[in-house]
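Notes for the structure review
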Amino acid sequence: IKEDQEFQAWLNSRRTYVKACPNCKINIEKNQGCNHIFCSSCQSEFCWLCEEKYASGHFVYGPCSGFQFTTANT
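Presented here is a report on the structure given in the accompanying data block. (Residues numbered from 1 in each chain as written. Predicted model: local features only at pLDDT ≥ 70, side-chain atom pairs only at ≥ 80, totals over all residues. Heavy atoms only, no water.)

1. So, the overall build of the protein chain
Where we set the bar: Each helix corresponds to a stretch of at least 4 residues labelled H or I by DSSP, and each strand to a stretch of at least 2 residues labelled E; elements are numbered beginning at the N terminus. Note on exposure labels: buried denotes an accessible area under 20% of the residue type's maximum, exposed denotes more than 50%, and partly exposed covers the range between, all computed with a 1.4 Å probe on protein chains only. Two residues qualify as a contact provided that any one of their heavy atoms is within 4.5 Å of a heavy atom in the partner residue. Two residue types count as positive, namely Lys and Arg, and two as negative, namely Asp and Glu; His and chain ends fall outside the count. Where a charge sits is defined by one atom per residue type, namely NZ (Lys), CZ (Arg), CG (Asp) or CD (Glu).
Across its full length, the protein chain carries one helix and four strands. For the C-alpha atoms alone, the extent of the protein chain along its principal axes is close to 45 × 25 × 15 Å. Residue burial in the protein chain is summarised as follows: out of 74 residues, 23% are buried. Restricting the contact set of the protein chain to residue pairs at least 6 apart, pairs at least 24 apart contribute 20%. Taken as two groups, the 7 positive and 7 negative side-chain charges of the protein chain have centres that lie 4 Å from each other.

2. With respect to the nonpolar core
Put simply, the rule is: Only buried Ala, Val, Leu, Ile, Met, Phe, Trp, Tyr and Cys residues count toward a nonpolar core, and they belong to the same one when joined by side-chain atoms within 4.5 Å.
Listed in full, the 10 residues of the largest apolar core are C21, I28, I37, C39, F46, C47, W48, L49, F59 and C64. Residue contacts for F46: discarding those within four places in its chain leaves C21, P22, I28, N35, H36, I37, E51, E52, K53 and Y54.

What follows is the structure in structure tokens.
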């Protein structure tokens, strides 16, 4: 139980860097790189910022246009 509580405290302190995959809900930690995320668990692709399914042009024409390499939230 103590390990679970410690992990939950760590997870809560890292919410900016850890999100659940919108498809399979596994936790993913992002510590660098672009906002186009590939989930190695379920092979889905999504946007780190808006958590929508990734499609070609998402960062050019989509809702997160111009935010491919930023930490800004849309």
